[in-house]
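What follows is each chain in one-letter form.
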Amino acid sequence: MKIPFLSLKEVNRPYEDEIRKAINRVIDSGWYLKGEEVASFEQEFSDYIGVNHTIGVGNGLDALRIILRSYMEMGIMQEGDEVIAPAHTFIASILAITDNHLKPVLVEPDINTYNIDPDLIEEKITDRTKAIMIVHLYGSNAYTEKIGQLCEKYDLKLIEDAAQAHGAYYKSKRIGSLGDAAGFSFYPGKNLGALGDAGAICTNDTELAEICRALGNYGSEKKYVNSYKGLNSRLDEIQASILRVKLKGLDSDNQKRREVAKYYLNNIQNEHLILPKLSASALTAKEHVWHLFVLRANKRADIMNYLKESGIQTSIHYPIPPHLQIGYSELNYLSLPLAEKISEEVFSIPICQSIIKQEYRQVAELLSEYMP
Ligand SMILES: *Cc1c(COP(=O)(O)O)cnc(C)c1O
């Protein structure tokens, strides 16, 4: 049996007919940008997340870039100001900060949640700190009350990188509605994925929303009148029409991921592996949408190889932390032992809404039988 890490074809199969209809509707409309599909998706996503504004943009990185850029246009941040961010994250979180000539101040993860350690944030706050960016990594909520309190105490913006956590909750609120602004990605492999690049910004801040919308459209609110030096980053009508179809199935897709995760948590038994540690309350409260199922092992290469020989594909999220990347030579001097340890030990096993029980049972059995 061959089990791919992720089969997008299988993920999209249940939606195929509706997606084709949606695309045809757009083709027939003769209107491909800034039209009704985008407006409808923005409204539907706002309702789903529980915010006043959604602004469709070209991708998830742009969503985060544009949020920060808007705060600079508003005079809330200046070049050289600091943004606190997790040391263990996908590179795009950090790219959004440095692209705006802001300074990422990296904070070690909590070894149990892999998200930013809320207890290590306050010591990093300086006069130049303007925002905290939390990343809901692997699909699990990173927000804590302590983080909210720090933002109030020091008057910081709270930005969510929600690119991996569409539909997850913190208590009764959806991720993406917890801070001042959130960036989503609809990259095909995300829990809510388009058939190409796409992204969105969510916020309750009307002024911010207007500036973000202008910035994604050359900096223009009115055609040929430019309030800002903007960029071109827009969600297109075809992707929006596809996202409208798939948004309707997101909660049930996430529920399927939770079932797979629960099976793995209950059935992978091997002292050489560290499984995700999650409080029972976080599990039932749907704080996790399992974008990825990440394990840790001292000798991960051996295990990944063993699975590969049995036809099971795995992956690593992520093998090099941002501060050790060649492109970030200015951060290479940093020592962040936990982020580094995690990057050396993690590996991800197949999880998605289309994986069938026979497959995930096989993965769990093989992992339980594994002996170094
Ligand atoms: C995917 C991702 C992004 C970037 O999204 P793109 O649409 O690929 O630009 C940003 N942050 C995180 C955590 C992601 O996983």
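Note that the structure is predicted; figures quoted are calculated from it, not measured.

Moving on, we get to the packing of aromatic side chains. A full pass over the atoms with the stated rule returns 13 aromatic pairs. A ring pair is formed by Tyr114 and Tyr138, whose centres lie 5.8 Å apart and whose planes are at 70°; its orientation type is edge-to-face. You can see Tyr114 sitting in the loop between strand 3 (103-107) and strand 4 (129-135) and its partner Tyr138 sitting in the loop between strand 4 and helix 6 (145-154), a full 24 residues away along the chain. When its relative accessible area of 4% is taken as the criterion, Tyr138 is described as buried. Here the aromatic cluster, defined as three or more aromatic residues joined through ring pairs, consists of Phe41, Phe45, Tyr48, Phe184 and Phe186.

What follows covers the pattern of salt bridges. Using the criterion set out here, one finds 17 salt bridges in the structure. Note that Lys171 and Glu145 form a salt bridge whose closest N and O atoms lie 3.0 Å from each other. Highlighted residues: Lys171 in the loop between strand 6 (169-170) and strand 7 (173-174) and Glu145 in helix 6, separated in sequence by 26 residues. For Lys171, a relative accessible area of 55% gives the class exposed.

Here we have seven strands laid out as an open sheet, ordered 1-9-8-5-4-2-3, and mixed in their pairing. Each edge of the sheet is formed by a strand with only one pairing partner; in this case those strands are strand 1 (53-57) and strand 3. The sheet shows a mean angle of 20° between the axes of neighbouring strands, taken without regard to direction. As judged from the three bridges shared by strand 2 (residues 82-86) and strand 4, these two strands associate in the parallel manner. Across the sheet, residue Val83 finds its bridge partner in strand 4, namely Ala131. The sheet contacts of helix 5 (residues 91-99) involve strand 2, strand 3, strand 4 and strand 5 (157-161), and relative to strand 3 the element is tilted by about 145°. Where helix 7 (residues 206-215) meets the sheet, its contacts fall on strand 1, strand 8 (181-185) and strand 9 (199-203), and the angle it forms with strand 1 comes to roughly 15°.

It is worth spelling out helix 6 at this point. Those residues of helix 6 not exposed but buried are Ile147, Gly148, Leu150 and Cys151. All buried residues of helix 6 project into a common sector of 160° when viewed along the axis, lining one side. Residues Gln149, Glu152 and Lys153 are exposed on helix 6 and point more than 90 degrees away from its buried face. On its buried side, helix 6 packs onto strand 4 and strand 5. Among the residues trailing helix 6, Asp155 stands out with phi positive, at a value near 55°.

Our next topic: unusual backbone geometry. With an omega of 10°, the peptide bond between His317 and Tyr318 qualifies as cis. Residue position: Tyr318 is located in the loop between helix 11 (300-309) and helix 12 (337-345).

Turning our eyes to something else, we now look at the confidence of the model for the protein. Put simply, the protein has an average pLDDT of 97, and 100% of its residues get 70 or more. Element-level pLDDT for the protein is lowest in helix 10 (residues 280-284), with a mean of 77, against a maximum mean of 99 in strand 9.

Taken together, the residues surrounding the ligand are Asn59, Gly60, Leu61, Phe90, Ala92, Val135, Asp161, Ala163, Gln164, Ser185 and Lys190. Separating an oxygen atom of the ligand from a side-chain N or O atom of Lys190 is a distance of 2.9 Å. Notes on the ligand: free accessible area 380 Å², of which the protein chains cover 91%. Its residues assigned to classes, the shell around the ligand shows five nonpolar, four polar and two charged.

Each value, and the rule that gives it
Residues numbered from 1 in each chain as written. Predicted model: local features only at pLDDT ≥ 70, side-chain atom pairs only at ≥ 80, totals over all residues. Heavy atoms only, no water. Phe/Tyr/Trp six-rings, centres within 6.5 Å; stacked < 30°, edge-to-face > 60°. Helix = DSSP H or I, 4+ residues; strand = E, 2+ residues; numbered from the N terminus. Buried < 20%, exposed > 50% of the residue type's maximum accessible area, 1.4 Å probe, protein only. Salt bridge = Lys/Arg side-chain N within 4 Å of Asp/Glu carboxyl O. Pairing = 2+ DSSP bridges. Axes fitted to C-alpha atoms, helices over the stretch in contact; angles between N-to-C directions. Contact = heavy atoms within 4.5 Å. Arc of directions from axis to C-beta. pLDDT = per-residue confidence, 0-100. Near = heavy atom within 4 Å. Polar contact = N/O pair within 3.5 Å; in protein donor to acceptor, adjacent residues only side chain to side chain. Areas by Shrake-Rupley, 256 points an atom, 1.4 Å probe, with all protein chains shown as cover. Nonpolar A, V, L, I, M, F, W, Y, C, P; charged D, E, K, R; others polar.

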